[in-house]
Amino acid sequence: MERQSIEVVNPYTGQAVGRVPMETAEDVQQAVEEAHEGAKVMRVMPLHRRAEILGKTAQKLLQETETLARLIVSEAGKTLREARAEVVRAAGIFQLAAEETRRLHGETLPFDALAGGDGRTGYWTREPIGVVGAITPWNVPLALTAHKIAPALGAGNAVVHKPAEQTPLNALRLAEILFACGLPENALHVVTGDGTTGDALVKHPEVPFVSFTGSREVGTRLPGRAGYKKVALELGGNSPVLVTPSANLTDAAEAIVRGGFAVAGQLCISVQRVLVQEDVQEKLTAELLPRIERLRVGDPAEETTEVGALISREACDRVERDIASAQQTGAKVLVGGKRLGDALYAPTLLREAAPDSRLAVEEAFAPLILLIPYRTLEEAIAIANATPYGLNAGIYTNDLREAMTAAREIVAGSVMINDVPTFRSDLMPYGGRKQSGLGREGVRFAMEEMTEIKVVCFRTL
Ligand code: ADP
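Quantities reported herein were computed from a predicted structural model and do not represent experimental measurements. (Residues numbered from 1 in each chain as written. Predicted model: local features only at pLDDT ≥ 70, side-chain atom pairs only at ≥ 80, totals over all residues. Heavy atoms only, no water.)

1. With respect to the packing of helix α3 (residues 65–76) against helix α6 (residues 168–180)
Then comes step 1: Direction vectors running N to C along α3 and α6 enclose 155 degrees, while the axes themselves pass 8 Å from each other. In terms of axis orientation, α3 runs roughly antiparallel to α6. In contact with L68, L71, I72 and E75 of α3, α6 contributes P168, L169, N170, R173 and I177.
Then comes step 2: Here the contact of α3 with α6 is built from residues that sort into six nonpolar, one polar and two charged. (Axes fitted to C-alpha atoms, helices over the stretch in contact; angles between N-to-C directions. Helix = DSSP H or I, 4+ residues; strand = E, 2+ residues; numbered from the N terminus. Parallel < 35°, antiparallel > 145°, perpendicular 65-115°, else oblique. Contact = heavy atoms within 4.5 Å. Nonpolar A, V, L, I, M, F, W, Y, C, P; charged D, E, K, R; others polar.)

2. Overview of the site of the ligand
Then comes step 1: Taken together, 17 residues surround the ligand, and among them T136, W138, K162, E165 and S215 come closest.
Then comes step 2: Residue T136 places a main-chain N or O atom 2.8 Å away from an oxygen atom belonging to the ligand.
Then comes step 3: Residue W138 places a side-chain N or O atom 3.1 Å away from an oxygen atom belonging to the ligand.
Then comes step 4: A per-element tally of the shell around the ligand places helix α7 (residues 195–203) first, with four residues.
Then comes step 5: Residues that form the shell around the ligand fall into these classes: seven nonpolar, six polar and four charged. (Near = heavy atom within 4 Å. Polar contact = N/O pair within 3.5 Å; in protein donor to acceptor, adjacent residues only side chain to side chain.)

3. Quick notes on the sheet that holds strand β19 (residues 437–438)
Then comes step 1: The six strands lie next to each other as β7-β6-β5-β8-β9-β19, forming an open sheet whose pairing is mixed. The open sheet is flanked by β7 (188–190) and β19, the only strands paired with a single partner.
Then comes step 2: Relative to strand β9 (residues 230–234), strand β8 (residues 209–213) is paired through five bridges, and the arrangement is parallel. When the sheet's bridge partners are listed, F212 is paired in β9 with L233.
Then comes step 3: Sheet strands touched by helix α5 (residues 141–154): β5 (131–135), β6 (158–162), β7 and β8. Its angle to β6, the strand with the most contacts, is close to 165 degrees.
Then comes step 4: Sitting on the sheet, α6 is in contact with β6 and β7, with an inclination near 160 degrees to β7. (Pairing = 2+ DSSP bridges.)

4. Looking at the environment of L371
Then comes step 1: Topologically, L371 is positioned in strand β16 (residues 368–374).
Then comes step 2: Among the residues examined, L371 registers a relative accessible area of 1% and is labelled buried.
Then comes step 3: Sequence-wise, L371 and T348 are 23 residues apart; in three dimensions their C-alpha atoms are separated by 11 Å.
Then comes step 4: Once residues lying within four places of it in the same chain are set aside, the contact partners of L371 are V274, V276, Q281, L284, T285, L288, L334, L349, L350, R351 and E352. (Buried < 20%, exposed > 50% of the residue type's maximum accessible area, 1.4 Å probe, protein only.)

5. Section: the packing of α5 against α6
Then comes step 1: In the contact formed by α5 and α6, the axes pass within 10 Å of each other and the chain directions differ by 35 degrees. Between α5 and α6 lies a crossing of right-handed hand. Of the residues in α6, those in contact with P141, L142, T145, I149 and L153 of α5 are N170, L174 and L178.
Then comes step 2: A per-class count over the contact of α5 with α6 returns six nonpolar, two polar and no charged. (Left-handed = near helix turned anticlockwise from the far one by under 90°.)

6. Things to note about the pairing of β16
Then comes step 1: Counting buried positions along β16 yields six of seven residues, so the element is predominantly enclosed.
Then comes step 2: Bridge count for strand β15 (residues 348–351) against β16 is four bridges, and the pairing is parallel. Considered in β16, the bridge of T348 is made with L368.

7. Digging into the pattern of salt bridges
Then comes step 1: Counted by the stated rule, this structure contains 33 salt bridges.
Then comes step 2: Across the pair E7 and R19 runs a salt bridge whose closest N-O atoms are separated by 3.3 Å. Placement of the pair is E7 in strand β1 (residues 5–9) and R19 in strand β2 (residues 16–21), with a sequence separation of 12 residues.
Then comes step 3: E254 is the salt-bridge partner of R291, the closest N and O atoms lying 2.8 Å from each other. (Salt bridge = Lys/Arg side-chain N within 4 Å of Asp/Glu carboxyl O.)

8. Considering empty space enclosed by the protein
Then comes step 1: For the coordinates displayed, the defined rule picks out two cavities of 30 Å³ or more.
Then comes step 2: For the largest cavity, the calculated volume is near 80 Å³.
Then comes step 3: Around the largest cavity sit 16 residues that line it, and P240, A384, Y389, G390 and L391 are the ones nearest its centre.
Then comes step 4: When contributions to the lining of the largest cavity are tallied by element, the ones reaching two or more residues are β10 (239–243) and β17 (392–396).
Then comes step 5: When the residues that make up the lining of the largest cavity are grouped by side-chain class, the tally is eight nonpolar, six polar and two charged.
Then comes step 6: Its volume calculated, the second largest cavity comes out at about 40 Å³.
Then comes step 7: What lines the second largest cavity is G237, N238, S239, G265, L267, C268, S270, Q272, E363 and F365.
Then comes step 8: Tallied by class, residues from the lining of the second largest cavity come to three nonpolar, six polar and one charged. (1 Å grid on protein atoms, 1.4 Å probe; cavity = no way out; pocket = protein on both sides within 12 Å on 5 of 7 lines; lining within 4 Å. Points joined across faces, edges and corners; volume = space filled by probe spheres on them.)

9. Description of helix α1 (residues 25–44)
Then comes step 1: If you check α1, its first and last C-alpha atoms are 29 Å apart, about what 20 residues at 1.5 Å a residue would give, namely 28 Å.
Then comes step 2: Here α1 has its buried residues at D27, V28, A31, V32, A35, G38, A39 and M42.
Then comes step 3: Buried residues belonging to α1 abut α2 (47–63), β5, α5, β6, β7 and α7. (Expected span 1.5 Å × (residues − 1).)

10. What about the environment of L288?
Then comes step 1: Relative to the assigned elements, L288 resides in helix α10 (residues 281–294).
Then comes step 2: Setting aside residues up to four positions removed in sequence, L288 forms contacts with A253, I256, V257, L349 and L371.

11. Some points on unusual backbone geometry
Then comes step 1: Although it is not a glycine, N186 sits at a positive phi angle of roughly 75 degrees.
Then comes step 2: A positive phi angle, near 50 degrees, is found at F365, a position not held by glycine.
Then comes step 3: The residue F365 is located in the loop between α12 (358–361) and β16 in this model.

12. Here we look at the nonpolar core
As a rule of thumb, nonpolar side chains are buried together in soluble globular proteins.
Then comes step 1: In terms of nonpolar packing, the biggest core is built from 59 residues, with L242, I256, V274, L284, L288 and L368 touching the most fellow members.
Then comes step 2: Top contributing element to this core by residue count: helix α9 (residues 249–261), with seven residues.
Then comes step 3: Residue contacts for L242: discarding those within four places in its chain leaves L275, L377, A380, I381, A384, G394, I395, Y396 and I410.
Then comes step 4: Judged by nonpolar contacts, the second largest core, of 52 residues, contains L54, L144, V263 and A446. (Core = buried A, V, L, I, M, F, W, Y, C linked by side-chain atoms within 4.5 Å.)

So this is what it looks like as structure tokens:
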């Protein structure tokens, strides 16, 4: 039977840039079996050796920044600037994982601190979980892959990685780099394919941990498909930023435009809703409009482009539909609101979207921002929380009490004070509440999830 394959297409030009196999459940089965062989080698590999492989990979990624960045541009349609920053970020994640690997240890346990523990001493330690199944999306393909593979290997696991069908080429190159830097055979398998390939990995009984980053639709159903195993889910968001009257509006506008239109708004922590206190709404709008109008939208491969393409023509169709339906229920377009190409949409600012419209509630994954006025902070927090998501949030204020109230009351994985929710550091615990996910990434935190704790107890009397 002829093997099926997937064509990788440049979202901006529509040209084919590569072709990868469409791997089946049988291929996944073989990859998992071989990964178990790799896991045997990884679990006994000294920490310094694992750290060395990860550190070398970080350096090699940096050396290859330009070629990898151009590969990412061609698959994902993001801008060259964004893609370069992503490669540097991926290198940083590998470097951090190298360092965290050296700190992977437990603690002693004072058993005799409780009655019944007399004459016992011991410790707890972390053991690798075995084979990690990693499923990644197309929007930040290299860095989000690094967030799974680097901690998994550092913690002594083998990995079977299923990259997004839109962006498999950079994942394949990363695997080559890892092997060139000394990763043992079978410690990593990249299986290319679509959701059916991913599903085979999720369901596989010999994959004890699945780490998934992708849509809420697929992610919320994943634990049911996975059965009895650990899962980590990084799903979507509909991130709010609150702008209060005490805020520095220029700073806020500057960051909102960056955070709303990076990767054409296709980030789970993209600024989607700007909740602005009504007394400062006009002023903030005046700060936002010229900044949005000035954005250079176009060919992602051009050095100066600031906003690139959406992932596909279909994604752009969806944005058109979402904006049209928001307009039917009262939303006004302040700037943008038009398609500029097959997969290109103008950065858009909307006002007066109905609170129950799809754009107000669901994840837009598009270059658009909703402006939503509020009266009291309490009301703003209620609006911020009125979605199924709870990933990141932000508040601009110079009032400490307001900052602390928002930090406490917004249901989210992180709350950024005087910054947009789009800020993420790769060392922080990152993940969501509600339907934004389960578990936390961020190198150290991912390593903890990718290990099992074992207690060793010595009876000495
Ligand atoms: P998006 O809508 O952003 O493409 P998806 O959740 O569809 O997000 O895809 C994210 C990743 O999950 C991709 O690698 C994709 O192939 C994979 N995937 C899609 N459907 C499934 C599924 N049912 N089970 C496992 N993985 C899946």
